[in-house]
Amino acid sequence: MFTIMSEIWKLAFLLSLFHNVETSPVVALNGASMEMTENEVKTLTFNFTEIDRPVNFFVRSSDIEIFTVIDGIHHNITVGEHGNFSVRIRGEFLGRAKLHLFVNKLFQGTKLNKAIHVPGAHENETWYEVTEYVDIVVKRADSPLNTIFTSIVIVLVCLANIAMGCKTELKEVKKTLKRPIAPVTGLLSQFILMPLISLGVGYLLGLEAALWFGFFAMGTSPGGAASNIYCYLLDGDVSLSVTMTFISTLSSLALIPAWIYGVGINVIYKDIEISIPFTNIFTSLIGLIIPVGIGILIQMKKPTWAKFIEKCVRPITVIFVILVFTIGVYANLYVFQLLKPLTLLAGALIPYCGFGFGALVAFLTRHDRQRILTIAIETGIQNTGVSIVMLQLSLPAPDSDIGIVAPIVCSIFTPIPMAIAIISYEIKKRCFTKKEPTNSGKLDELDCGKAAEKSEIKGLSYQPVNEKGSDSETETAQALKKKDSK
């Protein structure tokens, strides 16, 4: 009984201490978040209530690369004073950061922060961090050139998808699907392995949310048309490659939203409030899949048109590359500031792990060398255009601008092992493969030498045997037919 009473007294004492701690006297009048553009200067206003003791306030940016506090860092509040104080901040670079507020007295809603060092303050002074902070979102300023470039990219991606549809022969697809193990293996590798690889790489490297989400969106994208070319050059199963690309493109309509809303938002953006409208993602995917259907219809109804469109793929690709390295680079110079070592490492690890794990899965499911190569290529190569368009049309700024860096980096590193493999394979074929004599060569050798020697042994003249047999055999057959007829 005595023990219970003592515990009740302790609890009452702690509650009395908590009651004596005043609530934080400072409130941000601009709200819990503020948006601004690069190089823009804005003012935040804080309201403080009358207090019975002097208080010192100190504000600080959580990331000075995103925004800096240029005025109003320190504020001293005397006893009985109440009113407002202002803080001026400047946007430096696109991204998200927090404006933290610190006080040198304990209030309710604050926590001790021993790591903070306030310039000009006493070394032994204790500072408490206000748990409520202001989210600062820095965006890029609207640029007509950037809008034009994005529109051109969307048009070119749609044209490329029409060309892919023109190259897809449904007869070959149906023929390949009659043996569904390889296409199903590739589909599972594409939409299970790659999303998990991109999710794990982003987590292990500690990437910021927008960049991590960009790599994740790249990992959930369908296979790219470039995989068909690589399979052809490396003597892979081209029919399987085309079938897998076609199936993954159609499946992306359901599987990409499932990954984005089932995992992406709940894991990557769990600590950040962000709105990704489902209709935006769905309509962007629909807009990219419809051109594939148009291409298939052209291939079925107008084969000559389809061949002409296929011929246009190469110049379209050249135009796309020129635009990317001219207008694209000029309109998106900020991308180079985001190409940090960890970003480059992630851009290399994701496709390379895709190649390796795709080949491993194909090997474990007991496919032949040709199909192992094809499934590995299809797993590691993603459709960069789909992920870029989806990120630009679905994510709010600045996450959309930061997110598209991921597919750009992946597209830089993906062709490297493919180029090495193609060069090595060509060298092997030309320099280390023994040429076997053809059947025509063997027949020539037979006609010129060995047959003549055999014919001279018994004094017989050599005459070549035709498809129906020798002359004597023909005469014997005719004699037997006459005898039967009699």
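Residues numbered from 1 in each chain as written. Predicted model: local features only at pLDDT ≥ 70, side-chain atom pairs only at ≥ 80, totals over all residues. Heavy atoms only, no water.

Draft legend 1. Geometry of the overall build of the chain. Check the secondary structure of the chain and you find 17 helices and 11 strands. By residue count, 41% of the 486 residues in the chain fall in the buried class. Considering only intrachain contacts with a sequence separation of at least 6, the fraction spanning at least 24 residues in the chain is 78%. Carbon and sulfur atoms make up 62% of the accessible area of the chain, which totals about 28,000 Å². (Helix = DSSP H or I, 4+ residues; strand = E, 2+ residues; numbered from the N terminus. Buried < 20%, exposed > 50% of the residue type's maximum accessible area, 1.4 Å probe, protein only. Contact = heavy atoms within 4.5 Å. Areas by Shrake-Rupley, 256 points an atom, 1.4 Å probe, with all protein chains shown as cover.)

Draft legend 2. Local environment of the pattern of salt bridges. Tallying each qualifying case throughout the model produces 9 salt bridges. For Lys139, the salt bridge is made with Glu35, and the minimal N-O distance between the two is 2.8 Å. On the criterion of sequence distance, the pair formed by Lys139 in strand E11 (residues 134–139) and Glu35 in strand E2 (residues 33–37) is long-range, its members being 104 residues apart. Overall, Lys139 belongs to the partly exposed group, its relative accessible area being 22%. Across the salt bridge formed by Asp401 and Arg140, the nearest N and O atoms sit 3.4 Å from each other. Taken together, the residues Asp401 in helix H13 (residues 399–403) and Arg140 in the loop between E11 and helix H2 (144–167) connect sequence positions 261 residues apart. Residues Asp401 and Arg140 agree in their burial class; the two are buried. It is possible to trace a salt-bridge network through shared partners that takes in Asp235, Glu426, Lys429 and Arg430. (Salt bridge = Lys/Arg side-chain N within 4 Å of Asp/Glu carboxyl O.)

Draft legend 3. Main features of the confidence of the model for the chain. Looking at the chain, pLDDT values average 79 and 79% of them are 70 or higher. The weakest mean pLDDT in the chain belongs to helix H1 (residues 2–20) at 45; the strongest belongs to helix H10 (residues 341–364) at 95. Contacts for the low-pLDDT stretch residues 8–21, under 50 throughout, to residues beyond four places or in other chains number 4 contacts. Within the model, pLDDT remains below 50 along residues 445–474, and this stretch shows 10 contacts once partners closer than five positions in the same chain are excluded. (pLDDT = per-residue confidence, 0-100.)

Draft legend 4. Highlighting unusual backbone geometry. Omega for the peptide link from Ala397 to Pro398 comes to 5 degrees, which places this bond in the cis form. Following the sequence through the fold, Pro398 ends up in the loop between helix H12 (384–394) and H13. Of note, Arg366 is a non-glycine position whose phi angle comes to about 65 degrees, a positive value. For Arg366, the position within the fold is in the loop between H10 and helix H11 (369–380). Residue classification places Arg366 among the exposed positions, given a relative accessible area of 77%.

Draft legend 5. Fine view of helix H6 (residues 226–233). What H6 keeps buried is the set Ser227, Asn228, Tyr230 and Cys231. When H6 is viewed along its axis, its buried side chains cluster within an angular range of 165 degrees and face the same direction. Next to the buried residues of H6 lie H2, helix H7 (238–268), H11 and helix H15 (415–432). Where H6 ends, the next residue or the one after it, Asp235, has phi of about 60 degrees, a positive value. (Arc of directions from axis to C-beta.)

Draft legend 6. A look at the packing of aromatic side chains. Counted under the stated rule, the structure contains 6 aromatic pairs. Their ring planes at 40 degrees and their centres at 6.3 Å tell us that Tyr203 and Trp212 sit as a pair that is tilted. Arranged with centres 6.1 Å apart and planes meeting at 75 degrees, the rings of Phe216 and Trp259 form a pair that is edge-to-face. One end of the pair, Phe216, is in helix H5 (residues 209–219); the other, Trp259, is in helix H7, and 43 residues separate them in sequence. What makes Phe216 buried here is its relative accessible area of 0%. According to the relative accessible area criterion, Trp259 is buried, its value standing at 16%. Among the aromatic side chains, those forming a connected cluster through ring pairs are Phe46, Phe57 and Phe85. (Phe/Tyr/Trp six-rings, centres within 6.5 Å; stacked < 30°, edge-to-face > 60°.)

Draft legend 7. Summary view of the nonpolar core. Ranked by internal contacts, the top residues of the largest apolar core, which has 52 residues, are Phe213, Phe215, Ile268 and Tyr334. Mapped by element, the contributors of at least two residues to this core are H2, helix H4 (181–204), H5, H7, helix H8 (278–301), H10, H12 and helix H14 (405–413). Here the element with the most residues in this core is H5; it accounts for 9 residues. Phe215 has contacts with Ser198, Leu207, Thr343, Ala346, Gly347, Ile350, Ala406 and Cys410, leaving out every residue within four places of it along the chain. One finds Met34, Ile51, Phe57 and Phe67 within the second-largest nonpolar core, a separate group that totals 26 residues. (Core = buried A, V, L, I, M, F, W, Y, C linked by side-chain atoms within 4.5 Å.)

Draft legend 8. Local environment of a nonpolar patch on the surface. On the surface, Val184, Leu188, Ile192 and Leu196 cluster together into a nonpolar patch covering about 340 Å² of accessible area. Along the chain, the position of Val184 falls in helix H4. (Patch = residues over 30% accessible without salt bridge, like charges linked within 9 Å, V, L, I, M, F, W, Y side chains within 5 Å.)

Draft legend 9. Summary view of the packing of helix H3 (residues 170–177) against H7. The contact between H3 and H7 brings their axes to 9 Å, and the two run at 95 degrees. Between H3 and H7, the angle falls in the class roughly perpendicular. Residues Leu170, Glu172, Val173, Thr176 and Leu177 of H3 pack against Ser239, Leu240, Thr243, Phe246 and Ile247 of H7. Split by residue class, the contact of H3 with H7 holds 6 nonpolar, 3 polar and 1 charged. (Axes fitted to C-alpha atoms, helices over the stretch in contact; angles between N-to-C directions. Parallel < 35°, antiparallel > 145°, perpendicular 65-115°, else oblique. Nonpolar A, V, L, I, M, F, W, Y, C, P; charged D, E, K, R; others polar.)

Draft legend 10. Spotlight on the pairing of strand E8 (residues 95–103). With 7 of 9 residues buried, E8 is to be regarded as a mostly interior element. Sheet analysis places strand E4 (residues 55–61) next to E8, joined by 5 bridges and oriented antiparallel. Within E8, the residue paired with Val59 across the bridge is Leu101. Of the strand pairs in this sheet, E8 and E11 are connected by 5 bridges, and their pairing is antiparallel. (Pairing = 2+ DSSP bridges.)

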